[in-house]
Amino acid sequence: MLAPLNSIICSMVLLFIIISPIQSSEKETRENIHKNIRQDKKPMMSLCPFPCNCAEDINKHEFSVTCSNRGLQNIPDIPPQVTALDLQNNLISNITCYDFKELSNLKSLSLSYNKIKTLENACIFSNQAKLEMLHITYTTLTFIEPFIFSNLSQLKVLDLSRNNLIQILNNSFFGLNSLTFLSLQSNNLKYYNNTFELEAFIGLNQLEIIHLEGNNPTFDFSTYPDEALSKLTNLREIFLDGYPIQLGPGFKSLHNLETIHMNNYPPGTFCVFNYSIPNNFFENIMSLKPFSIDLNGCQLKYLPPIIFRNISNLIFLNLYNTRMLLLTGFENGSISLNDSNIKVLNLSKINIEGPYFSSVSRQLFRYLKYTPLESLDISSNRIYTVDAFAFVDLPPTLEYLSLRNNKIARFEIFIAILTLGRVKTIDASLQLQYTETPDNTNVIYDFDCEINSKHMDSNHNSNILRNRNETAGSNTRTIDQSSETFYFPLPFSLEIFSVSTLKVEYSIPAITVKNNKVLRYLDYSNNMARCWQGPIKAPPTLQHLDLSKNYCTKMSLTFFKYLTNLTTLLLHDNVLGPTLANDISGIAFSTLTRLETLNISGNTITTLSRNIFQNSINLKYLNLSRNSLTHFEVDLNGVLKLEELDLNKNLLSGFSEKNCEDLKQLKSRNSKFKIRIQSNPLMCTCEYLSFVHLLITQSDIFDSVDSITCTTIDGSNLSHDQLATFYPQLMKSCVSQ
């Protein structure tokens, strides 16, 4: 018994003697490496590999390496400190381990900072090395880097898109323990069984986003790499090409998956389901998270009634530009949304093929009645008619509705939206221009636009409307004097209402908004409303009003009388010049004491009264550009908060001495004040001597003063930097005169 025991002890002692130097050497090497790192005072930028570019953010502890568009065929040596690596758009065809085919080269390879304790996972097996030779070189292999990414433990972002990858082998990403983003988009990774080995993504325990789209679309033998993907248990978002085959059982393991993207954007990606997406397509989605499906641009004609049956946690469905689906096709598939938790539904541009016009029927949204839907987009669908009860089945949770860019040519839309109890935003802009048909089936009210300005005094007690018993036009109907006010009902919770570019060519009568007390944003721009009679009575919450591009030629000076809480008023690109020229008492904007932004550019304004902005005490931005002002004698002494006055592209020759003094006082009280006067025929003459002096002595009043030029009496153009030299000569000439 003693002999065997002695033998064992001797063996252990011998083993200890053999191993001790190895362990000592290993420890010594490791310590030396860390010591060298600590003592290396060179910045990390010195570690940047050729031919790449690098960037470092010390505060965020980030070091990014960009090697894109370099024509690389192999991955260069990357420093272990890197956190983001961009290798896109190269010629890389292989991301497996280093080449160990010739064991004689082992000793020349550099040491890794990571110690490999076992050899079962070493890439040497992939190269069919002889097992007996491993024993000989074991001590050397202990420190050899077996995988190409094994030392990049800090890497979080890896982009390998647009390369020549054709296969992802087992352990290809070994060592990337911190990776959260991986892009393999637009390679040659066809969805075949042998393209992604079963453990291709092993070790990517932190990966959250992966791109696999744009990889050689083909229908033959295609299959989703679900078994390889099943190892990514922390995956939240996946981008795939779309094929008419079921998502495999490996998806059952992705309990943290939140979004599947399948679309035809950007170019090169692929999503074709032909006639119909399979009934069981999403059957293996077992995610426990709120789920989103993005089918943007997919070729799809039919949605099976049970397609979303298993995804009760579906909150977002994007069917934008699913060509050939049509609204009726969605209605069929919406049956399986009946018990879902859908909150956002995008049906924009799904009716771009097929019948030229579509309609929103009474039944279209019936299966959404008991869902918690909050946002619905049915824009750009060539919708011609909307049933008066089309939205009655939409749930009371709906807050946003877009009907933008359709062909809606009937007034029913304004009736239909009244059924939306809690909607906050409606965008019904960009619709088809239309007029009343000869049979008068559409009631279109227009009004006599002969506004009598003589009855408009500062007390606002004038009768601004003429007798409306006369006909305003052959295609319009009149409204008698007993009905001076038009009551316009809106959903009681509506806050933002955009109805621009309807091109309905109505005049705006006296309007009182009913049922609503929270409206704060109203866009009625580009609607050819050429006459504004008013006044408008809106909720006191209204702050933003856009009436631009209506080509209005006549406006009652009491039109804004009740809109006392407006902060933004956009009136540009109308023809309000004649109306404002007659506003001698400054009535038009007198009640808008909270106004901060006023844009009346492009209104053929030739003159403004001195009192036009006398009550605009909170005005900050005043745009009078693109008009025909020859003089600017407006009193700005009360506009103490003015920061920008835009007088670009007028006919101004300069400012009077009085105006120059006003501008200097305004600047002294508000250091932010700037005036813009470029693109005016400014004159450097005796008449504007004070203005020239102001340009020289207080150039900080003027925005982009270096671009200002003025013309002398002899026709010479002077730049701003020439004025100081010219001024004494001008002053002497003026004194002599």
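Our subject is the structure that appears above.
Since the structure is predicted, the reported quantities are computational estimates derived from the model, not experimental observations.

**Q** Sorry, what's going on with the packing of aromatic side chains here?
**A** Aromatic ring pairs are defined here through the distance separating the ring centres and the angle between the ring planes. Enumeration according to the criterion identifies 24 aromatic pairs in this entry. Relative to Phe613, the ring of Phe589 has its centre 6.1 Å away and its plane inclined at 20°; by these criteria the two rings are stacked. You can see Phe589 sitting in the loop between helix H7 (577-581) and strand E26 (597-599) and its partner Phe613 sitting in the loop between E26 and strand E27 (621-623), a full 24 residues away along the chain. Here a set of aromatic residues connected by ring pairs shows up, and it is made of Tyr191, Tyr224, Tyr243, Phe270, Phe273, Phe281, Phe282 and Phe308.

**Q** Would you explain the environment of Val705 in this entry?
**A** Structurally, Val705 is set in the loop between helix H9 (689-697) and strand E30 (709-711). Put simply, Val705 and Ser719 are 14 residues apart on the chain and 9.3 Å apart in space, counted from C-alpha to C-alpha. Ignoring sequence-local partners within four residues, the contact set of Val705 consists of Ser699 and His720.

**Q** Just to check I follow, could you spell out the state of the cysteines for this structure?
**A** Here a disulfide denotes one covalent bond, and it connects the sulfur atoms of two cysteines. Taken as a whole and assessed by the stated rule, the structure comprises five disulfides. With its sulfur 2.1 Å from that of its partner, Cys48 forms a disulfide with Cys54. Disulfide Cys48 to Cys54: torsion about the S-S bond roughly 85°, handedness right-handed. Here Cys686 engages in a disulfide with Cys734; their sulfurs sit 2.0 Å apart.

**Q** Hey, could you run me through the side chain of His211 in this one?
**A** Mapping His211 onto the fold places it in strand E6 (residues 209-211). A relative accessible area of 13% places His211 in the buried class. Within polar-contact distance, the side chain of His211 engages the side chain of Glu213 at 3.0 Å.

**Q** I'm lost on the environment of Ile95 in this one. Help?
**A** Take Ile95: it is sitting in the loop between strand E3 (84-86) and helix H2 (131-136). Looking at Ile95, the relative accessible area reads 1%, which means it is buried. Expressed as a C-alpha distance, the spacing of Ile95 and Phe149, which sit 54 residues apart in the sequence, is 8.7 Å. Leave out the neighbours within four places in its chain, and Ile95 touches Ile75, Ile148, Phe149, Leu160, Leu165, Ile168, Ser172 and Phe173.

Cut-offs and rules
- Once a new chain begins, its residue numbering starts again from 1 and follows that chain's sequence as written.
- A pLDDT threshold of at least 70 governs which residues receive local features in this predicted model, and a stricter bar of 80 or more applies before side-chain atom pairs are shown or counted, although totals over entire chains, interfaces and linings include all residues.
- Hydrogens and water are ignored here; the side-chain numbers use all heavy atoms of the structure.
- Only rings of Phe, Tyr and Trp enter the pairing, Trp through its six-membered ring, and a pair is recorded when the two centres are within 6.5 Å. The plane angle decides the type: under 30 degrees is stacked, over 60 is edge-to-face, the rest tilted.
- For the purposes of this entry, the term helix denotes a DSSP run of H or I that reaches at least four residues, the term strand denotes a run of E that reaches at least two, and both are numbered from the N terminus.
- Here, residues are in contact when the closest pair of their heavy atoms is within 4.5 Å.
- We call a pair of cysteine sulfur atoms a disulfide whenever their separation is within 2.5 Å.
- Exposure classes here rest on a 1.4 Å probe applied to the protein chains alone. A residue is buried below 20% of its type maximum, exposed above 50%, and partly exposed in between.
- For the purposes of these results, a polar contact is taken to be a pair of N or O atoms within 3.5 Å, where, inside protein, one atom must be able to donate a hydrogen and its partner to accept one; residues adjacent in sequence count only when each atom of the pair is a side-chain atom.

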